[in-house]
Amino acid sequence: AFGGAAASFARPPARSLTAVAAPLTREAFVRDFESLGRPLLLRNEPTVASWAARGWTRDSLAAAAGDATIVVSAKPYGLGDGAGSERTKLRDFLADAAAVGVANASAPPSFVFDEALLAGGGALAADASPDPPLFEIENGGAVLRQLSVGPPKAGAMPHFHGAAYNALQVGLRRWALVPPSAAVFSRVPALDHFRRLRFGGGGEEAAAEWVDVVQRPGDVLWVPELWGHATLSLAESVAVAVEYV
């Protein structure tokens, strides 16, 4: 249901984010988006498309880093709320995620946001490089680079932080963005947040005008500094999130 048209939402978005087809020059990005604090959805970014072509599947992730210990939670960015967080092996999480996808669970599934898997010179870090030249990360100071993996209906609850980009390699994701004036940190899991958008009810974070985004493999979403956002995987998904810190 969350994959349907925006008109199916009880709290319809103020607008849907219009996608820009790659390539986009650095000059145009800075002029039209970065300097104005405007979100950008870039379709089929060539560098990210090359990452996806390397075949990040459940099996390849397990083979490359299955023994890595990760932290999973149904409420990432939950203001230190540790409820539901646990440490597990990536291989075990991927097996559980497959079962969740089959069962189509109604409870919010666990989601991975892990920076260790992309640190150093490991296989996953090599696969997620180089960075798209559009963002000039080598000149942008420190960044937090995270691998995010989730089964259907998993995602990140409403939150905000510094400027970031998210590059989807596998799957399908829906985003709800709100401008800085309406941004909140919420303890409401992503699945429940999107239910409120679809069926109504909920608190301030569900009532704010929001910008609708559907992200496909090879797409890069630029989220400007302090823009609030929540994400929901509509299919099993794998992405790289890079946050400027």
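Throughout what follows, the structure given in this document is the object of discussion. (Residues numbered from 1 in each chain as written. Predicted model: local features only at pLDDT ≥ 70, side-chain atom pairs only at ≥ 80, totals over all residues. Heavy atoms only, no water.)

## Overview of the overall build of the protein chain
Helix and strand content of the protein chain: 7 helices and 11 strands. For the protein chain, the proportion of its 245 residues judged to be buried stands at 49%. Here the analysis covers contacts within the protein chain between residues at least 6 apart in sequence; of these, 82% occur between residues at least 24 apart. Carbon and sulfur atoms make up 54% of the accessible area of the protein chain, which totals about 10,200 Å². (Helix = DSSP H or I, 4+ residues; strand = E, 2+ residues; numbered from the N terminus. Buried < 20%, exposed > 50% of the residue type's maximum accessible area, 1.4 Å probe, protein only. Contact = heavy atoms within 4.5 Å. Areas by Shrake-Rupley, 256 points an atom, 1.4 Å probe, with all protein chains shown as cover.)

## Considerations on the side chain of His161
Looking at the secondary structure, you find His161 in the loop between strand 7 (143-150) and strand 8 (164-178). Side-chain polar atoms of His161 contact the side chain of His229, separated by 3.3 Å. (Polar contact = N/O pair within 3.5 Å; in protein donor to acceptor, adjacent residues only side chain to side chain.)

## What to know about the packing of aromatic side chains
Overall, the coordinates contain 8 aromatic pairs when judged by the stated rule. Ring centres 5.2 Å apart and planes at 75° place the aromatic pair Phe9 and Trp210 in the edge-to-face group. Placement of the pair is Phe9 in the segment before strand 1 (15-16) and Trp210 in the loop between helix 7 (204-207) and strand 9 (211-215), with a sequence separation of 201 residues. Taken individually, Phe9 and Trp210 each receive the classification buried, so the pair is uniform in this respect. Between Phe135 and Tyr165 the ring centres are 4.5 Å apart and the planes differ by 10°, which places this aromatic pair in the stacked class. Taken together, the residues span a long stretch of sequence, with Phe135 in the loop between helix 5 (123-127) and strand 7 and Tyr165 in strand 8 at a distance of 30 residues. One exposure class covers both Phe135 and Tyr165, and it is buried. (Phe/Tyr/Trp six-rings, centres within 6.5 Å; stacked < 30°, edge-to-face > 60°.)

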